[in-house]
Amino acid sequence: MSTRDTLRTFIVDTFFVDDFADDDSFLRKGLIDSTGMMELVAFIETEFGIKLDDKELVPENLDSLSRVVAFVDRKQSLAKAS
């Protein structure tokens with residue numbers, strides 16, 4: 001399963017939402033609240049084996065499916081390059 005599909009499945013199953021576009025803001029659309037964001041972060045760390053620093057917990061990285069996918073892909077690429 002792709003990163004996108006894995007994340008979409010988690011969001012749909014955990015937050016009971018399925019009608020959202022990849023670029024929809026989780027917070028502005030009310031799809032995921034701040035507590036849900038912490039669940040999403042925990043899932044990313046566990047599922048993809050990456051650690052998120054506090055400075056990375058920003059909307060630019062986590063406020064839409066497309067942003068999360070790009071962020072996870074960048075983190076995984078950096079980890080492989082190290």
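In what follows, the structure referred to is the one given above.
Residues numbered from 1 in each chain as written. Predicted model: local features only at pLDDT ≥ 70, side-chain atom pairs only at ≥ 80, totals over all residues. Heavy atoms only, no water.

**Structural notes on the packing of helix 1 (residues 3-15) against helix 2 (residues 34-48)**
The geometry of a pair of packed helices is captured by two quantities: the angle between their axes and the separation between those axes.
And then number 1: Where helix 1 meets helix 2, the closest approach of the two axes is 11 Å, and the angle between their N-to-C directions is 140 degrees. Between helix 1 and helix 2, the angle falls in the class oblique. At the point where helix 1 passes helix 2, the crossing takes the right-handed sense. For the pair formed by helix 1 and helix 2, the contact residues are Thr3, Thr6, Leu7, Phe10, Thr14 and Phe15 on the first element and Gly36, Glu39, Leu40, Phe43, Ile44, Glu47 and Phe48 on the second. (Axes fitted to C-alpha atoms, helices over the stretch in contact; angles between N-to-C directions. Helix = DSSP H or I, 4+ residues; strand = E, 2+ residues; numbered from the N terminus. Parallel < 35°, antiparallel > 145°, perpendicular 65-115°, else oblique. Left-handed = near helix turned anticlockwise from the far one by under 90°. Contact = heavy atoms within 4.5 Å.)

**Let's talk about the nonpolar core**
And then number 1: Grouped together as the largest cluster of nonpolar side chains are 23 residues, with contacts concentrated most on Leu7, Ile11, Phe26, Leu40 and Ile44.
And then number 2: Elements supplying a minimum of two residues to this core: helix 1, helix 2 and helix 4 (65-81).
And then number 3: The residues contacting Phe26, other than those within four sequence positions of it, are Ile11, Phe20, Leu31, Ile32, Met37, Leu40, Leu62, Asp63, Ser64, Leu65 and Val68. (Core = buried A, V, L, I, M, F, W, Y, C linked by side-chain atoms within 4.5 Å. Buried < 20%, exposed > 50% of the residue type's maximum accessible area, 1.4 Å probe, protein only.)

**Details of the side chain of Asn61**
And then number 1: With respect to the helices and strands, the residue Asn61 is situated in helix 3 (residues 59-62).
And then number 2: In terms of polar contacts, Asn61 uses its side chain to reach the backbone carbonyl oxygen of Glu56, at 2.9 Å.
And then number 3: When residues no more than four places from it in sequence are discounted, the contact partners of Asn61 are Glu56, Arg67, Val68, Phe71 and Arg74. (Polar contact = N/O pair within 3.5 Å; in protein donor to acceptor, adjacent residues only side chain to side chain.)

**Re helix 1**
And then number 1: For helix 1, spanning 13 residues, the distance from its first C-alpha to its last is 18 Å, which sits close to the expected 18 Å at 1.5 Å a residue.
And then number 2: Inspection of helix 1 places Thr3, Thr6, Leu7, Arg8, Phe10, Ile11 and Phe15 among the buried residues, and these make up the whole buried set.
And then number 3: Those residues of helix 1 that are buried are in contact with helix 2 and helix 4.
And then number 4: Once helix 1 ends, the next one or two residues include Phe16, with phi positive near 55 degrees. (Expected span 1.5 Å × (residues − 1).)

**Comments concerning the packing of helix 1 against helix 4**
And then number 1: The contact between helix 1 and helix 4 brings their axes to 10 Å, and the two run at 130 degrees. Classed by the angle they form, the pair helix 1 and helix 4 counts as oblique. Here helix 1 runs over helix 4; the crossing is right-handed. Residue-level contacts link Thr3, Arg4, Leu7, Arg8 and Ile11 of helix 1 to Leu65, Val68, Val69, Val72, Asp73 and Gln76 of helix 4.
And then number 2: Residue classes in the contact of helix 1 with helix 4 are distributed as six nonpolar, two polar and three charged. (Nonpolar A, V, L, I, M, F, W, Y, C, P; charged D, E, K, R; others polar.)

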